[in-house]
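Working through the structure, step by step
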Amino acid sequence: MRRHLVKSFPIAAIAITIVSSAHAQALPGGFVHLRDIDPSIIQDIRYATSNNFVGRPLAGYGAGECVVKREVGMRLKAVQQELAAQNLSLKMFDCYRPARASLDMVKWSQNGHETAAERRYNPNIPKTELFRLGYIASRSQHSTGAALDLTLVDLKADNSATFDPSKTYADCTAPVAMRAPEGSVDMGTGYDCTDVKGHTAVTSINPEQRTWRKRLVAAMARQGFVNYSKEWWHFSLPGAGGAAYDFPIQPRRN
């Protein structure tokens, strides 16, 4: 399911732990900032910015920091160490997600209008259909701290191109030179692309793009992570989740 959202449940049915914003940096037991585990892993937490399918920061994203369960962070560190020997790096797009952010997505899908920028992520499916078709739901596996969105960066490549909000980009299925830049290898679609081309094993992308996807899946699988077949960027660590949380993401203490 898109946006890495699992079965739809009423919010009252979710086991949510709320931490006040005044103490948000004191993470709940078992959670860590990924930078404290491995600062070499690149982070581009998109829901803390306007560079995402909603076009603004989502509720609960007060900082662009990757927060995960400790076991998840240690396994990501192991993946990163393997990749470093190949001049590659992980790049995190999303990690722990406050439950309120998932509800923010639901409200967005039902707000009655759709912009050209939003259509970049949904080139073939109207946003009004995303909820009915199960692409957006009210509960996300990300809220347990055990799900991730990520990609690979070739450290030998020129990754200097950055997103320009004033520029018009082609949709997420277009050739990489026409899509919004992500500073990563070409996986065949952009991140958060609602399209069959975003399915991990799709054959309608070129051989090099398929190879990059396979390398990412294989590297993550060696540390126990499981890919979601409809999203090449989404991975989870079975058994590391548990209750969903709703504490906001705040700037990390140095």
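Each value, and the rule that gives it
- Throughout this document, residue positions are counted from 1 along each chain, in the order its sequence is written.
- Reporting of local features is limited, given that this is a predicted model, to residues whose pLDDT is at least 70; pairs of side-chain atoms are given and counted only at 80 or more, and all residues count toward the totals for whole chains, interfaces and linings.
- Side-chain figures throughout are based on the complete set of non-hydrogen atoms in the structure, without hydrogens or water.
- Only DSSP runs of H or I covering at least 4 residues are called helices, and only runs of E covering at least 2 are called strands; the numbering of each starts at the N terminus.
- Think of it in three bands: with a 1.4 Å probe and only protein chains considered, a residue is buried below 20% of the maximum accessible area for its type, exposed above 50%, and partly exposed in between.
- The contact rule is simple, with two residues in contact once any of their heavy atoms fall within 4.5 Å.
- Here, the term disulfide refers to a pair of cysteine sulfur atoms separated by no more than 2.5 Å.
- Here the aromatic set is Phe, Tyr and Trp, taking the six-membered ring for Trp, and pairing holds for ring centres within 6.5 Å; pairs whose planes are under 30 degrees apart are stacked, those over 60 apart are edge-to-face, and all others are tilted.

1. A look at the overall build of the chain
Counting its regular elements, the chain contains six helices and nine strands. Counting over 254 residues, the chain shows a buried share of 50%. Long-range pairs, those at least 24 residues apart, make up 75% of the contacts in the chain with a sequence separation of at least 6.

2. Let's talk about the environment of isoleucine 42
The residue isoleucine 42 is located in strand 3 (residues 42-43) in this model. Note: C-alpha distance between isoleucine 42 and serine 89 (47 residues apart in sequence) is 7.1 Å. In this structure isoleucine 42 touches Ser89, Leu90, Lys91, Met92, Val153 and Leu155, once residues within four positions along its chain are discounted.

3. Some remarks on unusual backbone geometry
Despite not being glycine, asparagine 87 shows a phi value in the positive range, around 60 degrees. Counting through the fold element by element, asparagine 87 comes out in the loop between helix 2 (70-84) and strand 5 (88-94). Classification of asparagine 87 by relative accessible area gives partly exposed; the value is 38%. Even without being glycine, aspartate 192 reaches a positive phi, approximately 65 degrees. Along the polypeptide, aspartate 192 turns up in the loop between strand 7 (147-154) and helix 6 (207-221).

4. Considering the state of the cysteines
In the structure shown here, the tally under the stated rule is two disulfides. Across a sulfur-sulfur distance of 2.0 Å, cysteine 66 and cysteine 95 are joined as a disulfide pair. Between cysteine 66 and cysteine 95 the sulfur-sulfur dihedral comes to about -100 degrees; the bridge is accordingly left-handed. Here cysteine 95 lies in the loop between strand 5 and helix 3 (99-109) and cysteine 66 lies in the loop between strand 3 and strand 4 (67-69), a separation of 29 residues in the sequence. What makes cysteine 66 buried here is its relative accessible area of 0%. Between the sulfur of cysteine 172 and that of cysteine 193 lies a disulfide, 2.0 Å long from S to S. Taking the torsion about the sulfur-sulfur bond, which here is approximately 65 degrees, the covalent link between cysteine 172 and cysteine 193 counts as right-handed.

5. Some words on the packing of aromatic side chains
Within this structure, the stated rule accounts for 14 aromatic pairs. Each ring, one from tyrosine 47 and one from tyrosine 191, has its centre 6.4 Å from the other, and the planes form 40 degrees; the classification is tilted. Residue tyrosine 47 is located in the loop between strand 3 and strand 4, and its partner tyrosine 191 is located in the loop between strand 7 and helix 6; the two are separated by 144 residues in the primary sequence. A residue is classified by how much of its surface remains accessible, and tyrosine 191, at 2% relative accessible area, is buried. Taken together, Tyr47, Phe53, Tyr61, Phe93, Trp108, Tyr121, Tyr191, Trp232 and Trp233 form an aromatic cluster joined through their ring pairs.

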